[in-house]
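Inside the fold
If you want the building blocks of each chain, they are given just below.
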Amino acid sequence: MSGDSHVAGSLFAADYVVFALVLLVSISIGVYFAWANRGRENSRDFLTGGRTLTAFPVSLSLTASFLSSVTVLSSPAEVYRYGASFVYFGLGQTLAVVMVSEIFLPVFYRLATISTYEYLEMRFNRATRLLGTVIFIFQTMLYVGIVIYGPALALNQIADIDLWGGIITTGSVCTFYCTLGGLKAVVWTDVFQILIMLAGCLAVIIMSVIIRGGLFNVISDSQQGGRLNFLDFDINPLRRHTFWTMVIGAAIHWAGVNGATQSQVQRYVSCKSITHARTAMCIYIVGLCIFTVSTVFAGMCLFSIYKNCDPWTSGKVSALDQLIPYLVMDILSDYSGLPGLFFAAVCSGSLSTVSTSINALAAVTLEDLIKPYTNMSEKHLFWMSKGLTFFYGILCIGMAGLASAMGAMMQASVVVFGATGGPLLGVFTLGILCPFVTSKGALSGLLVGLAASSCVSIGGLIYPPSPAMARPLPLTTAGCYFNATNSYNWTSTAAPTESVSITATLVQNSDVKGSDIQSRIKAYIQERRHDFLLPVYIAQRQSHEERREVKGDRKQTEDSCSQKT
């Protein structure tokens, strides 16, 4: 934290060693499970772990997938920009997991299907199943490409880590251990990687607290800066961050993620018993709460460090998701190995999300698109599952290249999540809770829901929320000054020789231009309740009309028979 802004290109050999060790351990886990399961050429065991997993590793794996690299980088920036009311997101997630545990888990576990979308054919028809599968593949491929590319770009711009080297390394390591070890390798690498993520997050928090002179100073800075905005209970559904929009929006969004997404369902149904599955969900709630609080406090530390000289509005970083990497290089670069630990945590976030997605994509492709139309032996299905895993791993690297061509890389992800999560959740909920809903009604609701939510999501990107609705908190560069090397000193309280006061309006205008990864997802999560309710209404309405027509035809038949007699 000297006057020299020592930020870019300052990783040491120890940092690369830490980074390499994380990758090596992940690969070793895949090799171990490939060796341990040799001779068991069974596609079900490969894709579900033989349903022998216990609650603890599954719960940590579920948590690790939630903590993607996007979350690690951008949730603290969201708090920095909009305040600690983001913590209510954790309450919404808790409600979602409880709902999934009580409603969805018992059904999926007792069915014991490999593909979640097979339920849609059992309950409705094959067309609904295939549509659900195609939606999942489309959604996952786009998001995984961004999960690999986005953090690699942020780290490249801040720490001078080679962009394509990071992309190819992440994708290759994931593909390798997923192809070798299957779901067991995915789950146990997630256990290791979440520990790395926790260590990296704690390193940033602890060092920030030490620099600011204690925990209470960080809290005091956040309070003075307006970041402790917990008491906003505005019922306006268009507001970005209030108690109601965060809790309700997050609850519906994460109910869709945990209850209607193959990558999550596949793991909790892999437990050895339904008791283990329920226990895993309970531990999962604890993990979500711990990491939500941790990322919120990391955002408070970020504001406390840069409260007088914001790197974003000063032009030292080009997007909010680069703030945390910038902070790491600013406060940890004198401690060899710690920056490497944090960047290993970011890489672990990517690995956990991508490996889970690759395994899930292989499972739905085999079970929904290949197996029903072929008559392969079990041995051929086993090798097909490995081949599909390898194929999707390579494809994910290609999707990261596609993401690099996107103008605003996260906007595509927002559209995908906004346009698919709510309608799928609505159809699964109707299937489980509403026995009167018909196949035509479900398919109609899903199609109309997809069309409507796509329009809403795209409209949200074209016409972003106004400052009155988003209410970004003020940032300033009044405490910045140029030193002899013409670089900023970020934390000095000395009077500036050249300063700029940044107003909320100017910052809001800049906000629209940046590749602000997580904040754009949070801005539109409030739309998820509409995406969920619309297909539910359409399906019920269509089913009601269909039942009324059936009753009318039956009455006409009865009247005709009575006239003949």
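The numbering scheme is per chain: residues are counted from 1 as the chain's sequence reads. For a predicted model such as this one, the threshold for reporting local features is a pLDDT of at least 70, and the threshold for listing and counting side-chain atom pairs is 80 or more; totals across whole chains, interfaces and linings nevertheless cover every residue. The basis for the side-chain values is all heavy atoms of the structure; hydrogens and waters are excluded.

**A look at the overall build of the protein chain**
Secondary structure counts use DSSP, requiring at least four H or I residues in a row for a helix and at least two E residues in a row for a strand, with both numbered from the N terminus. Helices and strands together make up the secondary structure of the protein chain, namely 21 helices and two strands. Each residue is assigned to one of three classes by its accessible area relative to the maximum for its type, calculated with a 1.4 Å probe on protein chains only: buried under 20%, partly exposed between the two thresholds, exposed over 50%. Taken across its 565 residues, the protein chain has 58% of its residues classed as buried. Look at the contacts in the protein chain between residues 6 or more apart in sequence, and 85% of them connect residues 24 or more apart. Each accessible area is a Shrake-Rupley result for a 1.4 Å probe, and residues are judged covered by the shown protein chains and nothing else. Working note: accessible area of the protein chain is about 21,500 Å², and carbon and sulfur atoms make up 65% of it. By definition, residues are in contact when any of their heavy atoms lie within 4.5 Å.

**Thoughts on the layout of surface pockets**
The pocket and cavity definitions rest on a 1 Å grid over protein atoms only: a 1.4 Å probe that fits but cannot leave marks a cavity, an open set with protein on both sides within 12 Å along at least five of seven lines marks a pocket, and residues lining either have an atom within 4 Å of a point. Grid points are joined across faces, edges and corners, and a volume is the space filled by probe spheres set on the points. Space inside the largest pocket adds up to approximately 240 Å³. Taken together, 17 residues line the largest pocket, and the ones lying closest to its centre are F33, N37, R40, F46 and F382. Of all the elements in the fold, those that place two or more residues in the lining of the largest pocket are α1 (13-36), α2 (43-48), α8 (163-212) and α15 (378-404). Broken down by element, the lining of the largest pocket gets its largest block of residues, five residues, from α8. Polar here means any residue outside two lists: the nonpolar Ala, Val, Leu, Ile, Met, Phe, Trp, Tyr, Cys and Pro, and the charged Asp, Glu, Lys and Arg; Gly therefore counts as polar. Across the lining of the largest pocket, the residue classes break down as six nonpolar, six polar and five charged.

**Here we look at a nonpolar patch on the surface**
In this scheme, patches are assembled from residues that exceed 30% relative accessible area and form no salt bridge. Like charges are connected within 9 Å, while nonpolar side chains (Val, Leu, Ile, Met, Phe, Trp, Tyr) are connected within 5 Å. We count a salt bridge whenever a side-chain nitrogen from Lys or Arg sits within 4 Å of a carboxyl oxygen from Asp or Glu. Nonpolar side chains collect at one region of the surface, where L231, F233, I235, W244 and I248 lie side by side and expose about 570 Å² of accessible area between them. Take F233: its relative accessible area is 41%, and that puts it in the partly exposed class.

**Points about helix α14 (residues 338-370)**
Because each turn of an α-helix spans 3.6 residues, side chains separated by three or four positions in sequence point in the same direction. Between its terminal C-alpha atoms α14 stretches 46 Å, which fits the 48 Å expected from 33 residues at 1.5 Å a residue. Of all the 33 residues making up α14, 31 are buried; the element is thus mostly covered by neighbouring parts of the structure. Expected helix span is computed as 1.5 Å times (number of residues minus one).

**With respect to the side chain of T63**
Summarising the element assignment, T63 is placed in helix α3 (residues 55-66). In this structure T63 comes out as buried when scored by relative accessible area, which is 1%.

**Examining the environment of A470**
By the element assignment, A470 lies in helix α18 (residues 467-470). Of the residues examined, A470 reaches a relative accessible area of 4% and is grouped as buried. Distance in space between the C-alpha atoms of A470 and L238 is 8.6 Å, their sequence separation being 232 residues.

**With respect to the packing of aromatic side chains**
Any pair of Phe, Tyr and Trp rings, taking the six-membered ring for Trp, is counted once the centres come within 6.5 Å. Such a pair is stacked with planes under 30 degrees apart, edge-to-face with planes over 60 apart, and tilted for the rest. Counted under the stated rule, the structure contains 18 aromatic pairs. Ring plane angle 80° and centroid distance 6.5 Å describe the contact between F89 and W254, whose orientation is recorded as edge-to-face. Taken together, the residues F89 in helix α5 (residues 88-111) and W254 in helix α10 (residues 243-259) connect sequence positions 165 residues apart. Relative to F136, the ring of Y117 lies with its centre 5.8 Å away and its plane at 40°, an arrangement referred to as tilted.

**What to know about the state of the cysteines**
Two cysteine sulfur atoms form a disulfide, by the criterion used here, when they sit within 2.5 Å. By the definition in use, this model includes one disulfide. With its sulfur 1.5 Å from that of its partner, C309 forms a disulfide with C480. Measuring the twist about the S-S bond at about 110°, one finds the C309-C480 disulfide to be right-handed. Here the residue C309 occupies a position in the loop between α12 (274-305) and α13 (323-331), and C480 occupies one in the loop between α18 and β1 (481-482), the gap between them amounting to 171 residues. For the pair formed by C309 and C480, the shared burial category is buried.

**A short note on α10**
Taking 1.5 Å per residue as the helical rise, α10 with its 17 residues ought to reach 24 Å, and the 23 Å between its terminal C-alpha atoms agrees with that figure. Counting buried positions along α10 yields 15 of 17 residues, so the element is predominantly enclosed.

**Some thoughts on the pattern of salt bridges**
All told, the structure shown has eight salt bridges when counted by the stated rule. Notably, a salt bridge pairs E102 with R278, separated by 3.4 Å at the nearest N-O pair. Of this pair, E102 sits in helix α5 while R278 sits in helix α12, and the two are 176 residues apart along the sequence. E102 gets classed as exposed once you look at its relative accessible area, which sits at 52%. Between E367 and K371 there is a salt bridge, and its shortest N-O distance comes to 3.6 Å. On the basis of relative accessibility, which here comes to 7%, the residue E367 falls in the buried class. One connected set of salt bridges, linked through shared partners, spans E121, R126, R129 and D368.

**Describing the environment of M197**
Note on placement: M197 falls in helix α8. For the pair M197 and F343, spaced 146 residues apart in sequence, the C-alpha separation works out to 9.2 Å.

**Here we look at the side chain of Q262**
The topology assignment puts Q262 in helix α11 (residues 262-268). On the accessibility criterion, Q262 (0% relative accessible area) is buried. Among residues more than four places away in sequence, those in contact with Q262 are I114, S115, T116, Y117, F136, A360, A363 and V364.

**Let's talk about the nonpolar core**
A general tendency of soluble globular proteins is for nonpolar side chains to be buried together. The nonpolar core is taken to be a set of buried Ala, Val, Leu, Ile, Met, Phe, Trp, Tyr and Cys residues, with the residues joined through side-chain atoms within 4.5 Å. In this structure, Y268, F342 and F428 are the most contacted members of the largest nonpolar core, which totals 144 residues. Ignoring any residue separated from it by four or fewer positions in sequence, one finds F428 in contact with F104, F108, T116, Y117, Y119, L120 and A260. Counting 10 residues, the second-largest nonpolar core is a separate cluster that includes F46, I114, A363 and L366.

**Some remarks on the packing of α14 against α15**
Put simply, α14 and α15 touch, their axes get as near as 8 Å, and they point 130° apart. With respect to their mutual orientation, α14 and α15 come out oblique. Read as a crossing pair, α14 and α15 show a hand that is right-handed. Across the interface between the two elements, I358, L361, A362, T365, L366 and I370 from α14 touch L381, M384, S385, L388, T389, Y392, G393 and C396 from α15. Of the residues assigned to the contact of α14 with α15, the class counts are 10 nonpolar, four polar and no charged. Where helices are involved, their axes are fitted lines through C-alpha atoms of the stretch in contact, as for all axes, and angles between N-to-C directions lie from 0 to 180°. The labels follow the angle: roughly parallel below 35 degrees, roughly antiparallel above 145, roughly perpendicular from 65 to 115, and oblique for the rest. It is the rotation of the near helix from the far one that decides the hand of a crossing: anticlockwise by less than a right angle makes it left-handed, clockwise makes it right-handed.

**A word on unusual backbone geometry**
Here the phi dihedral of R51 falls at roughly 50°; this positive angle occurs in a residue that is not glycine. For R51, the location among the structural elements is in the loop between α2 and α3. Judged by its relative accessible area of 22%, R51 falls in the partly exposed class. In this structure, A112 is a non-glycine residue whose phi angle is positive, near 60°. Locating A112 in the fold gives a position in the loop between α5 and α6 (118-123).

**Examining the packing of α5 against α10**
Think of two packed helices as two axes; the pair is described by the angle between the axes and how far apart they sit. At a minimum axis separation of 7 Å, α5 and α10 run at an interaxial angle of 30°. Considering how the two elements wind past one another, α5 and α10 form a crossing that is right-handed. In this structure, α5 uses Y88, F89, L91, G92, Q93, L95, A96, V97, M99, V100, F104 and F108 to contact α10, whose residues at the interface are F243, M246, V247, A250, A251, W254, A255, N258 and G259. Grouping the amino acids of the contact of α5 with α10 by side-chain chemistry returns 17 nonpolar, four polar and no charged.

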